[in-house]
Amino acid sequence: MNAEKTGNLIYEIRTRKNLTQKELAELINVSDKAVSKWERGEGCPDVSIMPNLAAALGIEVETLMNGEIPLTQDVSGKQIKEYNFRQPDRYPRNMQRDIWMLGNPICQKINNEFTLMIGERFESNVYAVDQMVNIEFLRSIPQKCLFYDFNYGEGGFCVEIDGELGKAILKQDSCKYESINQYDLEVFKKFHLVSIAESLADEICRRTENAIPADLFMVENVKAYGNSTTALQEDNVMMLELSISCKVGNTQGFINLQFSEKMLEKMMEANFFNESASNRVKFQELSSIKQKQLPDNIFVEFGRYNPDSVELERGKILILDKKEIEGLNVVFENKVIHTGKAMSIDDLWGVQIAESVQLNDIVYDEEDYLSVQLGSAALSKEEIAALHQGTFVVLKQRAGELCKIIRSGKVIGTGEICIFDDRFAIRIVECR
């Protein structure tokens, strides 16, 4: 056993748990001077103390003897963003997958036609599909760009072409001709935008049996702008973005299609998504029969409440006592060990640890309780011990999925989290 490594480990985990040397010493019946000595690397805990010390720190004895700082869950390479319950995820993965597939024929058409028109190889591929609100989209694209509005506010869509990419397609030097004038917008609309619009019309009109009118995709009456800030849109209305990565010569950029909330609703009503292949194919993940399955031991909750006189009925809104700015409770063995912010990590719910809580501050010992739960996870002792401010817990449930309403450990309903004034609330969707 390396005294210095073990001492560093004891110090690291003790401070993460907000325990003083005296408090840790009292948990294992030694003096605080002994703990101080270990942490300075001037000696190691006696073998007889090891089990109690490891239990107090929440790690395995082997980890303590090795003196290695345990690792948290690895979230490298994952898309992480803070979840905004005021702007919940609205469009499920199958819809986003269909919009992604919609981008493929567009790329094929413009690759061929743009290459012929400009006499230079043009390459494009679907890059991403994302859901956001209008203001987020307008902030994410370049201010100087070629921006075309196909009656967006009344159920249409917009097409944005990055400025430098647009100049390259128009065979202009963007360094010499930086500004985007009305002539540029008209030339691109006549010779290039029409290819994008036609390929969209072909796919959408065909799959909706012309329930979406073809004149929506005509470029004659399109509003054109050379600056994205001139687009007039309601700020906080949801939309879907189809982002296409493009390259011509040494210039790279994006063509972004912005589908309005109203257009997506029309497409849903016209069975664009319901008839898609992604809906006909069902997916289910299998787990290996030899793989050891850990039971869920970490639960992220909005809180636990007195169940007396609470009656569940569909559509009813339960107002919680937790404010929107407060962290959610991370619960282990009926104790709140941390608080954290709700996140989406790839397609899953997650939580970013915001602050530590004294282990004995909140202990749930009530047998009868009502809990509103975001999700759960199965973590090892080492992963739990390594949690500290800034680290993440990835949950098993999908982001945007309905939250569980639990009474005494049993699920009795599900609901959608919403905000009432400045407090969290849950709108009941299902009662069991």
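Residues numbered from 1 in each chain as written. Predicted model: local features only at pLDDT ≥ 70, side-chain atom pairs only at ≥ 80, totals over all residues. Heavy atoms only, no water.

Another aspect to go through is helix 9 (residues 182-207). In a regular helix each residue adds 1.5 Å, so 26 residues correspond to 38 Å; helix 9 covers 35 Å between its end C-alpha atoms and thus fits that length. If you check the start of helix 9, you find a side-chain oxygen 3.1 Å away from the backbone N of Tyr183, and it comes from Asn181. (Helix = DSSP H or I, 4+ residues; strand = E, 2+ residues; numbered from the N terminus. Expected span 1.5 Å × (residues − 1). Polar contact = N/O pair within 3.5 Å; in protein donor to acceptor, adjacent residues only side chain to side chain.)

Taken across its eight residues, strand 13 (residues 370-377) has eight buried, putting it largely inside the fold. As defined by bridge partners, strand 13 adjoins strand 15 (residues 403-407) across four bridges and the pair is classed as antiparallel. Considered in strand 15, the bridge of Leu370 is made with Arg407. (Buried < 20%, exposed > 50% of the residue type's maximum accessible area, 1.4 Å probe, protein only. Pairing = 2+ DSSP bridges.)

This part takes up the sheet that holds strand 2 (residues 122-133). Overall, antiparallel pairing links the six strands, which are arranged 2-6-7-4-3-5 in an open sheet. Each of the sheet's edge strands pairs with one partner strand only, and the pair in question is strand 2 and strand 5 (223-227). Put simply, the sheet's adjacent strands are angled 20° from each other on average, direction ignored. Two strands pair when backbone bridges link them, and strand 4 (residues 157-162) and strand 7 (residues 251-259) are joined in this way by five bridges, in the antiparallel orientation. (Axes fitted to C-alpha atoms, helices over the stretch in contact; angles between N-to-C directions.)

This part takes up the packing of helix 2 (residues 21-28) against helix 4 (residues 50-57). Look at helix 2 against helix 4: their axes get within 9 Å of each other, and the N-to-C directions meet at 130°. Compared by their axis directions, helix 2 and helix 4 come out oblique. Relative to helix 4, helix 2 is oriented so that their crossing is right-handed. Two secondary-structure elements touch here, helix 2 through Leu24, Leu27 and Ile28 and helix 4 through Asn52, Leu53, Ala56 and Leu57. (Parallel < 35°, antiparallel > 145°, perpendicular 65-115°, else oblique. Left-handed = near helix turned anticlockwise from the far one by under 90°. Contact = heavy atoms within 4.5 Å.)

Right, let's talk about the packing of aromatic side chains for a bit. Aromatic ring pairs are defined here through the distance separating the ring centres and the angle between the ring planes. In total, this model carries 15 aromatic pairs according to the counting rule given. Between Phe114 and Phe188 the ring centres are 6.5 Å apart and the planes differ by 80°, which places this aromatic pair in the edge-to-face class. Placement of the pair is Phe114 in helix 6 (residues 93-118) and Phe188 in helix 9, with a sequence separation of 74 residues. Relative to Phe157, the ring of Phe150 lies with its centre 4.3 Å away and its plane at 10°, an arrangement referred to as stacked. Taking relative accessible area as the criterion, Phe150 reaches 2% and is therefore assigned buried. Classification of Phe157 by relative accessible area gives buried; the value is 0%. Site record: aromatic cluster; members linked through ring pairs are Tyr83, Phe85, Phe302, Trp349 and Phe424. The ring of Phe272 carries the charged tip of Arg207 above its face, separated from the ring centre by 4.0 Å. (Phe/Tyr/Trp six-rings, centres within 6.5 Å; stacked < 30°, edge-to-face > 60°. Lys NZ or Arg CZ within 6 Å of the ring centre and 35° of its normal.)

Tallying each qualifying case throughout the model produces 16 salt bridges. As a salt-bridge pair, Arg14 and Glu39 come within 2.6 Å of each other at their nearest N and O atoms. Of this pair, Arg14 sits in helix 1 (residues 3-16) while Glu39 sits in helix 3 (residues 32-39), and the two are 25 residues apart along the sequence. Judged by relative accessible area, Arg14 falls into the buried class, the value being 9%. We classify Glu39 as buried; its relative accessible area is 12%. Between Arg40 and Glu42 there is a salt bridge, and its shortest N-O distance comes to 2.9 Å. Overlapping salt bridges, with partners in common, bring together Lys109, Glu113 and Glu198 in one network. (Salt bridge = Lys/Arg side-chain N within 4 Å of Asp/Glu carboxyl O.)

Looking now at the nonpolar core. By size, the foremost hydrophobic cluster in this structure holds 54 residues, and its most contacted members are Ile99, Tyr148, Ile204, Phe217, Ile255, Leu257 and Phe259. At nine residues, helix 9 tops the list of elements feeding residues into this core. Excluding its chain neighbours within four sequence positions, the residues that come into contact with Ile99 are Val129, Leu240, Leu242, Phe259, Leu264, Met267 and Phe273. Counting 34 residues, the second-largest nonpolar core is a separate cluster that includes Val330, Leu370, Ile412 and Ile419. (Core = buried A, V, L, I, M, F, W, Y, C linked by side-chain atoms within 4.5 Å.)

Bringing helix 2 into the picture now. Among all positions in helix 2, only Leu24, Ala25 and Ile28 are buried. With its buried residues spanning 100° around the axis, helix 2 presents them on a single face. Exposed residues on helix 2 whose side chains face more than 90 degrees from its buried face are Lys22, Glu26 and Leu27. Where helix 2 is buried, its residues touch helix 1, helix 3 and helix 4. (Arc of directions from axis to C-beta.)

Parts of the model with low pLDDT should not have their predicted coordinates read in detail. Across the protein, pLDDT averages 88, with 94% of residues at or above 70. Taking the mean pLDDT of every element in the protein, the minimum, 42, falls on helix 11 (residues 277-280) and the maximum, 97, on strand 4. Note that pLDDT drops below 50 for residues 275-281; the model gives that stretch nine contacts with residues more than four away or on any other chain. (pLDDT = per-residue confidence, 0-100.)

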